[in-house]
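Reading the structure
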Amino acid sequence: EIDRIDVMASRQGASKGLGLASGAYGRGARMVTHASRASSTPGCREVAVVGAGAAGLVAARELRRENLAVTVFERGSEVGGTWVYTASCGSTASSSSAYHIHSSLYESLRVNLPKEIMGYSDFPFLDNSGSRYCGHAEVKDYLRSFVQHFDLESMLEMNTLVEEAEPAEGGKWRLRVRPRGDQEGHDRVFDAVVVCNGHFESPKFPQGVGRENFSGSQLHSCDYKTSNDDRFVGKRVLVVGMGPSGDDLCREVAEVASKVYWSGRGFDRFDEERLRSVRSSLRGNVILRGNVASVSGKVVTFEKGSEDPVEVDTILWCTGYHYAVPFLKGSGAVQTERGRIEPLYEHLFHPKFGPKLSFVGLGFRILPFPFFEIQTRWVARCLSGRCSLPTEQEMAAEAEAFYGGIEGEGARVDMTHCMDGVQWDYLDRVARNSGGAPKLEDWKIGLYEINRVKKARHPKEYRDLTLPEEVPLMEKGAARAQSFLAQLQEL
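Position numbers for residues start from 1 in each chain and track the written sequence from start to end. A pLDDT threshold of at least 70 governs which residues receive local features in this predicted model, and a stricter bar of 80 or more applies before side-chain atom pairs are shown or counted, although totals over entire chains, interfaces and linings include all residues. Side-chain calculation: all heavy atoms of the structure are included, whereas hydrogens and water are not.

One can describe the packing of helix H2 (residues 54-65) onto helix H7 (residues 368-384) by two numbers: an axis separation of 8 Å at closest approach and a directional angle of 40 degrees. What the angle tells us is that H2 and H7 run oblique. Classified by chirality, the crossing of H7 by H2 is right-handed. Seen from H2, the contacting residues are Ala54, Ala55, Val58, Ala59, Arg61, Glu62 and Leu63; seen from H7, they are Phe369, Phe372, Glu373, Thr376, Arg377, Ala380 and Leu383. Each residue is assigned to one of three groups, with Ala, Val, Leu, Ile, Met, Phe, Trp, Tyr, Cys and Pro labelled nonpolar, Asp, Glu, Lys and Arg labelled charged, and all others, Gly among them, labelled polar. Across the contact of H2 with H7, the residue classes break down as nine nonpolar, one polar and four charged. Helix axes use the C-alpha atoms of the stretch in contact, all axes being lines fitted to C-alpha atoms, and the angles between their N-to-C directions lie in the range 0 to 180 degrees. Helix and strand assignments come from DSSP, with helices taken as H or I runs of at least 4 residues and strands as E runs of at least 2, each series counted from the N terminus. Our angle categories are set so that under 35 degrees counts as roughly parallel, over 145 as roughly antiparallel, 65 to 115 as roughly perpendicular, and the remainder as oblique. Two helices cross in a left-handed way if the nearer one is turned anticlockwise from the farther one by less than a right angle. They cross in a right-handed way if the turn is clockwise. Whether two residues touch is decided by their heavy atoms; if any such pair falls within 4.5 Å, the residues are in contact.

Laid out in structure tokens, this is it:
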């Protein structure tokens, strides 16, 4: 059994043409929440949001609640961001089109968090599939329903690429945008920009291991769609990376490959119990290996000298992504070369521009949709004048001290936005700074922590396993969903 989770301890420590779904959310019924009575501060009225994924959509909702005029630019034809799956949406599938939306989803993907805690605070996931850990299509439908439910369609400018964003006179921002089909872009001026373009598009590979010398097939997980592929069937495959994608894809590929080597630096940090748990959950043709040291021809060597080199036919790199904001490159506002977006105060605000340039959803190893919601509420309230930020100098000094602490500890710079073990404190602080905005509920934190431990102890079957410790918290989620349905029926 999983040890009891002490929630408080975990807080302290650690439009037209959109084809929106209705389904269980109520036949297109809309519950439009009226905007806050707070008026915007002088000089801040028009706000641009870049991206109509899970972060951008809730940003639009929160900004409108603060009586701000919102325009959401989305280069694709559908809302949902990374949750829009197509079989051809790998990073190289349509590189000739600036409007191509890359999705890192694979066909079989199921979420790794229970639905009870995935949704926004006032729009819970409903049971459309009978599975607590649903597939990607259900998440996409949820986001489409969110747009319809909160009447966000009029804010969306679909098929519109943001080519450039730069500071303009009077503290404003000039965006050059180009609707699909137009030969040239045109300028639009806004008071603030909220960047919600995600960070699962630009694949990252290990440097200095000789990847270019590999003579077999290789691909990044962003280009993986199914194991029914000649690169995997009957082949010797090396899967590199032990994050969620590496875990899922190692298991899936092992069903068709002759042998799979699963490489990850983290295996060296596992205790014997954790290693036994992982090994016992894998097929017999999977062998664990440490970090890759070098690649030459079809031979791969590992950093641990005790591990013999292996010969493989295919390498599947599940090694993460770079942060990228190409439309801001010319402005000199931020740097991304070190594996983080900097400088930022609280992973969110640029010190020089304050709330007029913010970046939502950079954190990883998080509870995503609630995380985005709490962040965007702070952004919206700062822009409306209900909240204020420290001075530029204070924010810059705090950001610099934070970065200095990371580097002083010898930690990896590209883990700057990792929220593992700190996200509850962070979200509490954000809520507090938002003028007493609601905090994330304790029962959601408890269920998240139980899920984290359950996944570690039951890595293969955790999605289909319900533990006794979960049941009381699941009941809170069910009660929330029932209350939501009752409100729908009253409309």
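Back to the text.
Among the residues of helix H6 (residues 272-280), Leu275, Ser277 and Val278 are the ones counted as buried. Around the axis of H6, the buried residues are gathered within 160 degrees of arc, so they sit on the same side. The exposed set on the far side of H6, more than 90 degrees from its buried face, consists of Glu272, Glu273, Arg276 and Ser280. Its buried side turned inward, H6 meets strand E11 (259-263), strand E12 (286-289) and helix H10 (442-457). Buried residues are those whose accessible area, probed at 1.4 Å on protein chains only, stays under 20% of the maximum for their type, while exposed residues exceed 50% and partly exposed ones sit between those limits. Directions are taken from the helix axis to each C-beta atom, and the arc is the one they span.

For the rest of this paragraph, the subject is the sheet that holds strand E4 (residues 160-167). If you walk across this open sheet you meet the three strands as E4-E5-E6, and the pairing is antiparallel. Two strands close off the open sheet at either side, each with one partner strand: E4 and strand E6 (186-190). Strand-to-strand twist in this sheet, taken as the mean axis angle between neighbours without regard to direction, amounts to 30 degrees. Note: two strands are recorded as paired if DSSP finds a minimum of 2 bridges between them. Note that strand E5 (residues 173-179) and E6 share five bridges and pair antiparallel. Bridge pairing links Val177 to His186 in E6.

Next up on the list: the packing of aromatic side chains. Centre distance within 6.5 Å is the pairing criterion for rings of Phe, Tyr and Trp, where only the six-membered ring of Trp is used; planes under 30 degrees apart are then read as stacked, over 60 as edge-to-face, and the remainder as tilted. In total, this model carries 25 aromatic pairs according to the counting rule given. On the basis of an interplanar angle of 75 degrees and a centroid distance of 5.6 Å, the ring pair of Phe200 and Tyr321 is categorised as edge-to-face. Placement of Phe200 in the loop between strand E7 (192-195) and strand E8 (202-203) and of Tyr321 in strand E17 (residues 321-322) is noted, with a sequence separation of 121 residues between them. The partly exposed category is assigned to Phe200, whose relative accessible area is 40%. An aromatic cluster is defined as three or more aromatic residues linked by ring pairs; in this entry it consists of Tyr120, Phe123, Phe125, Tyr142, Phe146, Phe150, Phe369, Phe372 and Phe484. For a ring to carry a charge above it, either NZ of a lysine or CZ of an arginine must fall within 6 Å of the ring centroid while also lying within 35 degrees of the normal to the ring plane. When the ring centre of Phe150 is taken as reference, the NZ or CZ atom of Arg61 above it lies at 4.7 Å. Residue placement shows Arg274 over the ring face of Phe270; its charged tip is 4.1 Å from the ring centre.

Okay, the pattern of salt bridges next. Salt bridges are identified by distance alone: a Lys or Arg side-chain nitrogen within 4 Å of an Asp or Glu carboxyl oxygen. Scanning the model with the defined rule gives 42 salt bridges in all. The partner of Asp187 in a salt bridge is Arg174, with the nearest N and O atoms 2.8 Å apart. Separated by 13 residues along the polypeptide, Asp187 in strand E6 and Arg174 in strand E5 bring together distant segments of the chain. Here Arg340 ties to Glu407 by a salt bridge, and the two come within 3.0 Å at their closest N and O atoms. In this pair, Arg340 sits in the loop between E17 and strand E18 (349-350) while Glu407 sits in helix H8 (residues 392-408), placing the two residues 67 residues apart along the sequence. In this structure, a network of salt bridges that share partners links the residues Arg61, Glu62, Arg65, Asp122, Glu373 and Arg377.

It is worth stressing that arrangement in space is one thing and function is another; only the former is reported here.
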